[in-house]
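Analysis of the macromolecular model
Below are the chains, spelled out letter by letter.
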Amino acid sequence: MIDPNSSHQFRFKTRSRYNLVVDQGLPSEEMSNRYSKNDKPVSGTPRKLKELMLKSDNRICADCGAPDPKWVSANIGVFICLKCSDVHRRLGSDISKVLSVTLDEWSDGDIDSMVEVGGNSYANSIYEAFLPKEYPKPKPHSSNEDRTKFIRSKYELQEFLKPSLRIVSSKMSFKSCESGKNFDSSFNSNNSRKAADMGEFIGVLRVKVIRGTNLAVRDMLTSDPYVVLTLGQQRVQTTVKNSNLNPIWNEELTLSIPRCYGALKLQVFDHDVFSADDIMGEAEVDLQPMVTAAMAFGDAKLLGDMQIGKWFKTSDNALIKDSTVNIINGNVKQEVFLKLQNVESGEMELELEWIPLDA
Ligand SMILES: [Zn+2]
């Protein structure tokens, strides 16, 4: 099983990460309000922070890749090295609030905001979403000049962030999703009927299940696989492909995306006539990069073909490679290549498409 706790955390922190980025565009007064609500100091390195530090993406500086960073920008949500922390500090605390993991006293609010963002790969998936491939990201031993130029471009000028993210922020209300830590349980019991009302949905997700590769053997020599997709209360599935470890489905499944959506869960099962179906692996798809980008860009029909977002491969997700969100012929699409988890082998290829409600 994929740890349900980690997936919840994932969901909330990605959503908050977006809000944090949006906050960068707000006047500094609003930023400081955000952090003044919980200013009780905490002594020593807080446990939640230590755990976060141990995640692989947080073991290197978010900006230059230097190992073992001991500083953070608490409002941006990144772990950074000493040299980069100097540059951050010079940006001013309204842009980057620099704290030492070991030396400073942390308020609960600062810790919460770090935990919500989750660290470097999440923050960078926003702040470097549009970093050109050839752009020289600084190295641990880069000159102060190169380091400063990059860090200013990244956080102060936000050159690699899609500017429209900020503009649309006021129209979007993810806040209501953020507060409930036990979102799933309340969703399942009280709000499922409410969610069935179209007013609760923000768009439609069409998933083309393209193919599986090298799937696991569950019968004597082969398997009879089918794919189940789950989003909140909704569950859809493909047909069964008999005796095939490399099935090609090319089947389209449709789900509605509620205002408070979590990860899309994919499971592959072996159909069994005589007993319960066996699981052949699973994976989670983070819908946030696509939904955020699609809502930020508005009517894709008016736009030419381009990349509008990216879901980054990390050690904590099932991606085989980075997955870009693109506008293709006026439609928002995302190809996703997944390595199935909790199984000996198997990969899945999907194509997601976002369909706005008012289309
Ligand atoms: Zn650094």
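For the structure itself, look to the data block above.
Quick notes on the rules
Residue positions are given per chain, counted from 1 along the sequence in the order it is written. Totals for whole chains, interfaces and linings use all residues, but because this is a predicted model, local features are given only for residues with pLDDT of at least 70 and pairs of side-chain atoms are given and counted only at 80 or more. Only DSSP runs of H or I covering at least 4 residues are called helices, and only runs of E covering at least 2 are called strands; the numbering of each starts at the N terminus. Each residue is classified by how many other C-beta atoms fall within 10 Å of its C-beta atom, where C-beta atoms are placed from the backbone; a count of 20 or more means buried, 12 or fewer means exposed, and values in between mean partly exposed. C-beta atoms are first placed from the backbone for all residues, and any pair lying within 7 Å is then listed as a contact. Here the rule is simple: two strands pair whenever DSSP picks up at least two bridges between them. Under this scheme, a helix contributes an axis fitted over its contacting stretch, all axes are lines through C-alpha atoms, and angles between N-to-C directions fall in the 0 to 180 degree range. Roughly parallel means an angle under 35 degrees; roughly antiparallel, over 145; roughly perpendicular, 65 to 115; everything else is oblique. Two helices that cross are described as forming a left-handed crossing if the nearer one is turned anticlockwise from the farther one by less than a right angle, and a right-handed crossing if clockwise. For this classification, the nonpolar set comprises Ala, Val, Leu, Ile, Met, Phe, Trp, Tyr, Cys and Pro, the charged set comprises Asp, Glu, Lys and Arg, and every other residue, Gly included, is treated as polar. When buried Ala, Val, Leu, Ile, Met, Phe, Trp, Tyr and Cys residues are joined through C-beta atoms within 7 Å, the set is termed a nonpolar core.

Here we take up the overall build of the protein chain. Tallying secondary structure elements over the protein chain gives 12 helices and 15 strands in all. Burial analysis of the protein chain (359 residues in total) assigns 39% to the buried set. For the protein chain, restricting intrachain contacts to residue pairs at least 6 apart in sequence, the fraction spanning at least 24 positions comes to 65%.

For the rest of this paragraph, the subject is the sheet that holds strand S8 (residues 234-237). Taken in spatial order, the four strands make up an open sheet running S8-S7-S10-S11, and their pairing is antiparallel. Sheet topology places S8 and strand S11 (278-285) at the edges, where each strand pairs with a single neighbour. Across the sheet, the mean angle from the axis of one strand to that of its neighbour is 20 degrees, orientation sign disregarded. With four bridges joining them, strand S7 (residues 225-231) and S8 adopt antiparallel strand pairing. Counterpart to Thr230 in the pairing with S8 is Arg235.

We now examine unusual backbone geometry. Backbone geometry at Asn250 places phi at a positive 50 degrees, although glycine is not the residue there. Its location among the elements puts Asn250 in strand S9 (residues 248-258). A positive phi angle, near 60 degrees, is found at Asn342, a position not held by glycine. Note on placement: Asn342 falls in the loop between strand S14 (331-339) and strand S15 (347-356). Assessed through the 12 C-beta atoms surrounding it within 10 Å, Asn342 is described here as exposed.

All right, on to the packing of helix H4 (residues 82-91) against helix H7 (residues 144-156) then. H7 packs onto H4 with a crossing angle of 55 degrees between their chain directions and a minimal axis gap of 10 Å. In this view, H4 runs oblique relative to H7, as classed from their interaxial angle. The chirality of how H4 crosses H7 is right-handed. Two secondary-structure elements touch here, H4 through Lys83, Cys84, Val87, His88 and Leu91 and H7 through Arg147, Thr148, Ile151, Arg152, Tyr155 and Glu156. Here the residues of the contact of H4 with H7 sort into five nonpolar, two polar and four charged.

What follows is about the sheet that holds S15. What the six strands build is an open sheet, ordered S9-S6-S15-S14-S13-S12; its pairing is antiparallel. Each of the sheet's edge strands pairs with one partner strand only, and the pair in question is S9 and strand S12 (306-311). Each neighbouring strand pair of the sheet contributes to a mean axis angle of 25 degrees, computed without reference to strand direction. With 10 bridges connecting them, strand S6 (residues 201-213) and S15 associate as antiparallel partners.

Our next topic: the pairing of strand S13 (residues 323-328). Because side chains alternate across S13, one face comprises the buried residues Ser323, Val325 and Ile327, and the other comprises Thr324, Asn326 and Ile328, none of which is buried. Across four bridges, the pairing between S13 and S14 is antiparallel. Directly across from Val325, in S14, lies its bridge partner Gln334. Between the end of S13 and the start of S14, which pair antiparallel, lie two residues, with Asn329 showing a positive phi angle near 50 degrees.

Let us now look at the nonpolar core. Residues Leu266, Leu287 and Met290 are the most contacted members of the largest nonpolar core, which totals 41 residues. Contact partners of Met290, with chain neighbours within four places excluded, come to Gly309, Val325, Val332, Gln334, Leu352 and Trp354. Grouped together as the second largest cluster of nonpolar side chains are 30 residues, Phe79, Tyr122, Ile126 and Tyr127 included.

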